[in-house]
Amino acid sequence: MDYLSKMLGLEREIIGVRFLYFEDDYQSLESEEYGKKTSYCMMVKSAMSGKHFKAKAENFGCRCAAEALGVVEEMDCVESGERYYSINLYESRAVAKSVTRDISRIKHSIYGIEIGPLKEVEDADVAVFMVNAYQLMRVVEAYSYKYGVPKHIHMAGNQGVCADLTAAPFEQNDLNFSVLCAGTRKVCGWRDDEMGVGVPIQQFIPLVDGMIKTLNYIEYPERKEAIRSRLDTPDELGIVIDDKLHYGKLGKEYVSPVLYQKKKNGEIE
């Protein structure tokens, strides 16, 4: 968690979300009760400020989020598209139904959730963090280093935190990112430049490793200096951050036809 935060310069905590399937799981978890009723995205923002707690259906003030996470049973009007069509977000019922089908929702029942800083949630299912455009670029580069081009990006500018950042990574078993939605931006007061990333937990460490492996070859010297300033020791990441390294200095024979021909002829190594 610290490595990713330091490389990206994140301002908020990386959080973990654990799904508690049964009431016994919830009751036996030694964690503070949320104790109030708010939107799920407000729970996420609270966790990103360092709070660690558990929540169940009675704590969810937004039904759409509770349904997306499987905490309450979904109404029939969701799958049909009627709900989204009724609020004038889509041109037709067919479009509304299509969008609904593609927005991820957890289809099985979940009693509650544990949510808090990822370093404190021992058995998290999903990691969630907020980024700006540059930071998201680095996340995608790190992911692509390990897995190739992201193929399961789902968003519609609606249900940005509950569906896009929490349900989607779990249901799709893959990274997702989101431009969020108007509701969460209003309620939580996210900055205009903030977006979100959700990652199934087994991809989190490989993502960090991909970011370390690409750091020297993508970041420019001024960015490298900013990263160094956030480290406790120069070798904290397990690499030496070298201003002289950059991908633009490599592979010349693969962008120059003349050098490539010499490479093919064995004239250069």
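Residues numbered from 1 in each chain as written. Predicted model: local features only at pLDDT ≥ 70, side-chain atom pairs only at ≥ 80, totals over all residues. Heavy atoms only, no water.

Participant: What should I look at first to understand empty space enclosed by the protein in this one?
Facilitator: Summary: where empty space remains is shown by rolling a probe the size of a single water molecule over the atoms. Counted by the stated rule, this structure contains one cavity of 30 Å³ or more. Here the largest cavity is characterised by a volume of approximately 60 Å³. The wall of the largest cavity is formed by Val 78, Arg 83, Tyr 84, Thr 100, Ile 103, Arg 105 and Gln 159. For the lining of the largest cavity, the per-class residue count stands at three nonpolar, two polar and two charged. (1 Å grid on protein atoms, 1.4 Å probe; cavity = no way out; pocket = protein on both sides within 12 Å on 5 of 7 lines; lining within 4 Å. Points joined across faces, edges and corners; volume = space filled by probe spheres on them. Nonpolar A, V, L, I, M, F, W, Y, C, P; charged D, E, K, R; others polar.)

Participant: Got a minute to help me understand the nonpolar core in this structure?
Facilitator: Inside soluble globular proteins, nonpolar side chains tend to come together where they are buried. Counting 38 residues, the largest nonpolar core has Ile 15, Phe 19, Tyr 40, Met 43, Phe 60, Ile 113 and Ile 115 as its most contacted members. Counting residues per element, the ones that place at least two in this core are strand 1 (15–20), helix 3 (40–48), strand 2 (53–56), helix 4 (63–68), helix 7 (93–102), strand 3 (112–117), strand 4 (126–131) and helix 9 (160–172). The element that contributes the greatest number of residues to this core is helix 3, accounting for six residues. Ignoring anything within four residues of it in the chain, the contact list for Phe 60 reads Lys 37, Thr 38, Tyr 40, Met 43, Ala 65, Ala 66, Leu 69, Val 71 and Ile 113. Judged by nonpolar contacts, the second largest core, of 30 residues, contains Leu 8, Val 121, Ala 142 and Phe 204. (Core = buried A, V, L, I, M, F, W, Y, C linked by side-chain atoms within 4.5 Å. Buried < 20%, exposed > 50% of the residue type's maximum accessible area, 1.4 Å probe, protein only. Helix = DSSP H or I, 4+ residues; strand = E, 2+ residues; numbered from the N terminus. Contact = heavy atoms within 4.5 Å.)

Participant: Before we go on, may I ask you to explain the packing of aromatic side chains in this structure?
Facilitator: Each aromatic ring pair is specified by the distance between its two centres and by the angle formed by the two planes. The final tally for this structure, using the stated rule, is eight aromatic pairs. Ring plane angle 55° and centroid distance 6.3 Å describe the contact between Tyr 21 and Phe 22, whose orientation is recorded as tilted. Judged by relative accessible area, Phe 22 falls into the exposed class, the value being 56%. A ring pair is formed by Tyr 143 and Tyr 147, whose centres lie 5.0 Å apart and whose planes are at 40°; its orientation type is tilted. Residue Tyr 143 and its partner Tyr 147 are located together in helix 8 (residues 133–147), separated by four residues, close to a single helical turn. The aromatic ring of Trp 190 is capped on one face by Lys 45, whose charged end is 5.8 Å from the ring centroid. Taking NZ or CZ as reference, Arg 223 lies 3.5 Å from the ring centre of Tyr 134, over its face. (Phe/Tyr/Trp six-rings, centres within 6.5 Å; stacked < 30°, edge-to-face > 60°. Lys NZ or Arg CZ within 6 Å of the ring centre and 35° of its normal.)

Participant: Any chance you could explain the sheet that holds strand 1 here in plain terms?
Facilitator: Hydrogen bonding along the main chain pairs the strands of a sheet, whether they run parallel or antiparallel. Pairing is antiparallel in the open sheet, where six strands are placed in the order 2-3-1-4-6-5. Looking at strand neighbours, the two that pair on one side only are strand 2 and strand 5 (176–178), the edges of this open sheet. Neighbour-to-neighbour, the strand axes of the sheet open up by a mean angle of 25°, direction not taken into account. One ladder, built from three bridges, connects strand 5 with strand 6 (residues 195–200); its direction is antiparallel. Paired with Phe 177 across the bridge in strand 6 is Val 197. Strands in contact with helix 8 are strand 4, strand 5 and strand 6; relative to strand 4, the strand with the most contacts, it is inclined by about 140°. (Pairing = 2+ DSSP bridges. Axes fitted to C-alpha atoms, helices over the stretch in contact; angles between N-to-C directions.)

Participant: Would you mind going over unusual backbone geometry with me for this structure?
Facilitator: One non-glycine residue, Asn 88, adopts positive backbone phi at about 60°. Structurally, Asn 88 can be placed in the loop between helix 6 (82–86) and helix 7. For Asn 173, which is not glycine, the phi torsion reads 55° and is therefore positive. The residue Asn 173 is located in the loop between helix 9 and strand 5 in this model. A relative accessible area of 46% places Asn 173 in the partly exposed class.

Participant: Can you walk me through the layout of surface pockets in this structure?
Facilitator: Approximately 260 Å³ is the volume found for the largest pocket. At the level of secondary structure, the elements contributing two or more residues to the lining of the largest pocket comprise helix 3, helix 4, helix 6, helix 9 and helix 10 (182–188). Among the residues forming the lining of the largest pocket, the class breakdown is twelve nonpolar, six polar and one charged. As for the second largest pocket, its lining consists of 13 residues, of which Met 7, Leu 8, Tyr 134, Arg 223 and Arg 230 are closest to the centre. Mapped onto the lining of the second largest pocket, the elements with two or more residues apiece are helix 1 (2–8), helix 8 and helix 12 (221–230). Its residues assigned to classes, the lining of the second largest pocket comprises five nonpolar, three polar and five charged.

Participant: Whenever I open this one, helix 9 confuses me. Can you help?
Facilitator: The α-helix advances 3.6 residues per turn, and as a result positions three or four apart in sequence lie on the same side. Here helix 9 contains 13 residues, and its C-alpha end-to-end distance of 15 Å is more than 12% below the 18 Å for a straight helix at 1.5 Å per residue. The element helix 9 is extensively covered by neighbouring structure, given that ten of its 13 residues are classed as buried. With its phi angle positive at about 55°, Asn 173 sits one or two positions after the end of helix 9. (Expected span 1.5 Å × (residues − 1).)

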